[in-house]
Amino acid sequence: MSEKIKLNAAEDVKEFVTAASKCDFDIDICYNRIMVDAKSILGILSMDLSRILTVNCHGESREFDRTLKKFAAA
């Protein structure tokens, strides 16, 4: 599953990483050719947060789906 999100502040990144860390499957976040583990707060903070990011989930979680919807890019 692939979703587009926008994280605007460090608080958003922290909330996103906390939700991703509760999942027992891999989640990647990327733009262009840069890809990081969505469970790595430092990895995400090192990305250009002014861009729309693509999240690739390798599993399913209703709770994490709610987080994806919250940060969905318009």
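As a starting point, this report considers the structure included with it. (Residues numbered from 1 in each chain as written. Predicted model: local features only at pLDDT ≥ 70, side-chain atom pairs only at ≥ 80, totals over all residues. Heavy atoms only, no water.)

1. Focus: the environment of Ser2
1) Next: You can see Ser2 is positioned in strand S1 (residues 2-5).
2) Next: Separated by 39 residues in the primary sequence, Ser2 and Ile41 place their C-alpha atoms 20 Å from one another.
3) Next: Excluding its chain neighbours within four sequence positions, the residues that come into contact with Ser2 are Thr54, Val55 and Asn56.
4) Next: Within the structure, the side chain of Ser2 is placed 3.2 Å from the side chain of Asn56, a separation counted as a polar contact. (Helix = DSSP H or I, 4+ residues; strand = E, 2+ residues; numbered from the N terminus. Contact = heavy atoms within 4.5 Å. Polar contact = N/O pair within 3.5 Å; in protein donor to acceptor, adjacent residues only side chain to side chain.)

2. So, the side chain of Thr67
1) Next: Turning to its location among the elements, Thr67 is positioned in helix H3 (residues 62-70).
2) Next: Look at Thr67 and you get buried, because its relative accessible area is 12%.
3) Next: Discounting residues that sit within four places of it in the chain, Thr67 has contacts with Phe16 and Ala19. (Buried < 20%, exposed > 50% of the residue type's maximum accessible area, 1.4 Å probe, protein only.)

3. Observations concerning the environment of Leu49
1) Next: Mapped onto the fold, Leu49 is located in the loop between helix H2 (41-45) and strand S4 (53-57).
2) Next: By relative accessible area, which is 19% here, Leu49 ends up buried.
3) Next: Residues Leu49 and Ile34, spaced 15 residues apart in sequence, show a C-alpha to C-alpha distance of 13 Å.
4) Next: Those residues within four positions of Leu49 in sequence are excluded, and the remaining contacts are Lys6, Leu7, Val13 and Ile44.

4. Description of the sheet that holds S4
1) Next: In space, the four strands of this open sheet follow the order S1-S4-S2-S3, with antiparallel pairing throughout. Every interior strand has two partners, whereas the edge strands, S1 and strand S3 (34-37), have only one. The mean inter-strand angle of the sheet, taken between neighbouring strand axes irrespective of direction, is 25°.
2) Next: Summarising the sheet, strand S2 (residues 27-31) and S3 pair through four bridges and their orientation is antiparallel. Note on S3: the bridge partner recorded for Tyr31 is Ile34.
3) Next: Packed onto the sheet, H3 meets S1, S2 and S4 and runs at close to 170° relative to S4. (Pairing = 2+ DSSP bridges. Axes fitted to C-alpha atoms, helices over the stretch in contact; angles between N-to-C directions.)

By themselves, these figures tell us nothing about what the structure is for.
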